[in-house]
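Descriptive structure summary
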Amino acid sequence: MERFFCSNCSRFYPLHPSRWRCDCGSFLDLEFESEFSIKKILKRGPTLWRYRETIPIHKETPILSMNEGFTPLEEIEFNGNRTLIKMDYLFPTGSYKDRGATVLISKMKEWGVQKVVEDSSGNAGSAVAAYCAKAGIKCEIYVPQYTSSEKTVQIQAYGATLKKVQGSRERTAEVATEAASKIPYASHCWNPFFLHGTKTFAFEVWEQMGWKAPDALVLPVGHGTLFLGVYMGFRELKEAGMIKKIPKLVGIQSAFCAPLYQAFKKGWRETRPIEKGETVAEGIAISEPVRGRQILEATRETGGEILVVTEKEIRMALKEAGRKGHFIEPTSAATIAGLKKYLDKKRRRETVVSTFTGTGLKSVGKML
Ligand SMILES: Cc1ncc(COP(=O)(O)O)c(C=O)c1O
Ligand SMILES: [Zn+2]
């Protein structure tokens, strides 16, 4: 029987669309056991749903899929090192957030939900709006006033109601959570079903590397929905005896908004308030990550680390990716700037995987 559980106070809750956090205020996780059958995986099409037995959606549910996932893993050289880059900007809505949205909105459909709210820096909102359009579920998407117009236009194109909030990303979340007292909250950071979608990144890498795990992965961390999904995915693979070791997880933040970097360096269990500056990497400009404690635990447990990158380094990485044939958004370039930093200090023989998380077409105005 699947249940929500709180790792902070050890309480359990039955699954329900309105239950999005614990009564103690902490985020919730999902109790669920994945199964892996390479034979079954190989019989299915090249989408993230080929790992069907690992996704907590019941068989009878119509799955809301646009054949997303199984993105290419391309070999690209950075700083003279061979790296493997997962092309997650090639999703239907232009960012990796579709991994989480296809699973979370399928669950909302299974629950019979008719309307949801979500808040986002833009990309998760676009992904949730797209899958809601497919599901016939109404949705309200809250974004900060300063969000790139490419993302707000996209959200509206899917028929969602766009709510622009004056003030910070954190203020946007506050306004959305007020709405979530009446309408189910399809939150990518709070709802664990989202992570059960983003974890497929790990399964794809494992399969594409010949059923092996890399030594390290360099990933963005704002709320850490990819980072934590990847951690969960490799942990499940290890528990199932499919890999020996969970790879090192290296998280990248902007130097102007680095609460996890600060907490990691100081050895804190949780993040603490920081002073946030303005960064072009809008997708990772999160000063209060909902699952900060979990991100720090995953980083430490895997022997990983958190690195920060400057605005100049982000701009240089954006240019370099373009010159290698990949038009990505500045948030994704921040990860690549971090990858370059990591490559300069890693051990020589390590295999390192990273990703392009979002398309450059999302931020043309900003780049201009
Ligand atoms: C393109 C892109 N990359 C990375 C991230 C970071 O994701 P998270 O906040 O879940 O760590 C985001 C978040 O919006 C994003 O839009
Ligand atoms: Zn609790």
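Owing to the predicted nature of the structure, the values given are computational and were not obtained by experimental measurement. (Residues numbered from 1 in each chain as written. Chains lettered and ligands numbered in written order. Predicted model: local features only at pLDDT ≥ 70, side-chain atom pairs only at ≥ 80, totals over all residues. Heavy atoms only, no water.)

So, the coordination of the zinc ion (ligand 2)
At the metal site, the zinc ion (ligand 2) is ligated by C6 (SG), C9 (SG), C22 (SG) and C24 (SG), and these contacts range over 2.2 to 2.3 Å. Here the zinc ion (ligand 2) is ringed by four donor atoms whose angles at the metal span 102 to 116°, and the overall shape comes out tetrahedral. Ordering the donors of the zinc ion (ligand 2) by residue number gives the pattern C-x2-C-x12-C-x1-C. By relative accessible area, C9 is classed as partly exposed at 29%. (Donors = N, O, S within 2.8 Å, 3.2 Å for Na, K, Ca; no water. Tetrahedral: all angles 85-135°; square planar, octahedral: opposite > 155°, others 65-115°. Buried < 20%, exposed > 50% of the residue type's maximum accessible area, 1.4 Å probe, protein only.)

Details of the nonpolar core
Residues F201, L217, L219, V230, F234 and V353 are the most contacted members of the largest nonpolar core, which totals 36 residues. The set of elements that each furnish at least two residues to this core consists of α7 (200-208), β9 (216-220), α8 (225-239), α9 (259-266) and α10 (292-301). Examining the composition of this core, we find that eight residues originate from one element, α8, more than from any other. In terms of nonpolar packing, the next biggest core, distinct from the first, is built from 30 residues, L30, A186, F193 and F194 among them. (Core = buried A, V, L, I, M, F, W, Y, C linked by side-chain atoms within 4.5 Å. Helix = DSSP H or I, 4+ residues; strand = E, 2+ residues; numbered from the N terminus.)

Points about the packing of α9 against α10
Between α9 and α10, the shortest axis-to-axis distance is 10 Å and the interhelical angle comes to 55°. The pairing of α9 with α10 is recorded here as oblique in orientation. Relative to α10, α9 is oriented so that their crossing is right-handed. Every residue of α10 that contacts α9 at L260, A263 and F264 is listed here: G292, I295, L296, T299 and R300. Residues of the contact of α9 with α10, tallied by class, amount to five nonpolar, two polar and one charged. (Axes fitted to C-alpha atoms, helices over the stretch in contact; angles between N-to-C directions. Parallel < 35°, antiparallel > 145°, perpendicular 65-115°, else oblique. Left-handed = near helix turned anticlockwise from the far one by under 90°. Contact = heavy atoms within 4.5 Å. Nonpolar A, V, L, I, M, F, W, Y, C, P; charged D, E, K, R; others polar.)

Re the sheet that holds strand β3 (residues 29-31)
The strand order across the open sheet built from three strands is β2-β1-β3, with neighbouring strands paired in antiparallel fashion. Bordering the open sheet on either side are β2 (12-14) and β3, each of which pairs with just one other strand. Across the sheet, the mean angle from the axis of one strand to that of its neighbour is 35°, orientation sign disregarded. For strand β1 (residues 3-5) and β2, the ladder comprises three bridges, and the chain directions are antiparallel. Residue pairing across strands places F5 opposite F12, the latter belonging to β2. (Pairing = 2+ DSSP bridges.)

Things to note about the packing of aromatic side chains
Enumeration according to the criterion identifies 10 aromatic pairs in this entry. Pairing W111 with F193 gives two aromatic rings, centres 5.7 Å apart and planes at 80°, and the pair type is edge-to-face. Separated by 82 residues along the polypeptide, W111 in the loop between α2 (98-110) and β6 (115-119) and F193 in helix α6 (residues 192-198) bring together distant segments of the chain. Through successive ring pairs, a cluster of aromatic residues spans F36, Y51, F203, W206 and W211. For R21, the ring lying beneath its charged end belongs to W190, and the centroid distance is 5.8 Å. (Phe/Tyr/Trp six-rings, centres within 6.5 Å; stacked < 30°, edge-to-face > 60°. Lys NZ or Arg CZ within 6 Å of the ring centre and 35° of its normal.)

Things to note about the pattern of salt bridges
Two side chains of opposite charge can pair, provided their charged atoms sit close to one another. Counted by the stated rule, this structure contains 26 salt bridges. Of the charged contacts, one joins D29 and R291 as a salt bridge, the two residues approaching to 3.0 Å between their closest N and O atoms. Of this pair, D29 sits in strand β3 while R291 sits in the loop between α9 and α10; the two residues are 262 residues apart in sequence, bridging distant segments of the chain. We note that D29, like R291, is buried. Put simply, K107 and E110 hold a salt bridge, and the shortest N to O gap is 2.4 Å. Pair noted here: K107 and E110 are both in helix α2, with a separation of three residues, about one helical turn. Under the relative-accessibility criterion, E110 is labelled partly exposed at 26%. One network of salt bridges, with partners in common, ties together K86, D88, R99 and E204. (Salt bridge = Lys/Arg side-chain N within 4 Å of Asp/Glu carboxyl O.)

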